[in-house]
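# Notes for the structure review
This is what each chain is made of:
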Amino acid sequence: MEILYRGIWAYGIAATRVHGMDESGVRLPVGPQMKSKKFQRRIENFVCKKCGAHVKGSGYTDHCPVCLWGRHADVNPGDRAAECGEMMEPMRAEAKNGQYFIHYKCTECGHEFRVKSAPEDNFDEIIQLINR
Ligand SMILES: [Zn+2]
Ligand SMILES: [Zn+2]
């Protein structure tokens, strides 16, 4: 185990990278300089900076299921390539074809994006965002 980062990955995202293994057990280069444009699945648990909830990662978790706040970590979904790392505020939500989407805006850089809600997301919060 190496200590890799000094608070850059406040959500504990470093945990998976510290191991430096992909699913086939191949040793991968570790560090924020590692960037890829492809979708990558990472299992990562984190503590929500907004509400303090302990969130168990599913590999696709990019936001807190309790308060729905996210973290600006991805350039493309799952790649964790964004250097910003600040909190993403859920601005509004919409329902489309039986799926809920949450629109985010980064509190630091203003980047906006939309994600699908996860089954474990707090539905009351989503409804509130839809009715906003
Ligand atoms: Zn939260
Ligand atoms: Zn940002």
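These figures come from a predicted structure and were not determined experimentally.

A count of helical and extended segments in the protein chain gives two helices and six strands. The helix and strand sequence of the protein chain, counted from the amino end, reads α-β-β-β-β-β-β-α. Here the protein chain, with 132 residues, has 22% of them falling under the buried criterion. Across the protein chain, the fraction of contacts at a sequence separation of at least 24, relative to all contacts at a separation of at least 6, is 38%.

Considering the arrangement of structural elements, one finds D62 in the loop between β2 (54-55) and β3 (70-71). Taking the C-alpha atoms as reference points, D62 and K116, 54 residues apart in sequence, are found 10.0 Å from one another.

All right, on to the pairing of strand β6 (residues 112-116) then. Strand direction decides the pairing type here: strand β5 (residues 99-106) and β6, joined by five bridges, are antiparallel. For F101, the partnering residue across the bridge sits in β6 and is K116. Remark: five residues form the turn of the hairpin made by β5 and β6, two consecutive strands paired antiparallel; G110 in that turn has positive phi of roughly 80 degrees.

Moving on, we come to the sheet that holds β5. Taken in spatial order, the four strands make up an open sheet running β3-β4-β5-β6, and their pairing is antiparallel. A single partner strand is all that each edge strand has here, and the edge strands are β3 and β6. Against the sheet, helix α2 (residues 123-130) contacts β4 (87-96) and β5, and its axis sits at roughly 80 degrees relative to β4.

The next subject is the nonpolar core. Ranked by size, the top nonpolar core spans ten residues in total: F46, C48, C64, L68, M88, A93, I102, Y104, V115 and I126. Those elements that place two or more of their residues in this core are β4 and β5. Residue contacts for A93: discarding those within four places in its chain leaves Y100, F101, I102, H103, I126, L129 and I130.

Time to look at the pairing of β5. The sheet contact formed by β4 and β5 spans eight bridges and is antiparallel. Residue pairing in the sheet places P90 in a bridge with Y104 of β5. The loop that links β4 with its antiparallel partner β5 comprises two residues; one of these, N97, has a positive phi angle of about 50 degrees.

So, on to unusual backbone geometry. Trans peptide bonds make up most of the peptide bonds, and negative phi angles are found at most residues other than glycine. Positive phi, normally seen in glycine, also occurs at L68, with a value near 75 degrees. If you trace the backbone, L68 turns up in the loop between β2 and β3. Phi is positive for R80, close to 55 degrees, though the residue is something other than glycine. Turning to its location among the elements, R80 is positioned in the loop between β3 and β4.

So, on to the confidence of the model for the protein chain. Low pLDDT marks regions whose predicted coordinates should not be analysed in detail. With 67% of its residues at a pLDDT of 70 or more, the protein chain has an overall mean of 77. Residue range residues 1-21 is modelled with pLDDT below 50. Its contacts to residues more than four positions away, or to other chains, number 34 contacts.

Reading guide: rules and limits
- Residues numbered from 1 in each chain as written.
- Chains lettered and ligands numbered in written order.
- Predicted model: local features only at pLDDT ≥ 70, side-chain atom pairs only at ≥ 80, totals over all residues.
- Helix = DSSP H or I, 4+ residues; strand = E, 2+ residues; numbered from the N terminus.
- Buried ≥ 20, exposed ≤ 12 C-beta atoms within 10 Å, placed from the backbone.
- Contact = placed C-beta atoms within 7 Å.
- Pairing = 2+ DSSP bridges.
- Axes fitted to C-alpha atoms, helices over the stretch in contact; angles between N-to-C directions.
- Core = buried A, V, L, I, M, F, W, Y, C linked by C-beta atoms within 7 Å.
- pLDDT = per-residue confidence, 0-100.

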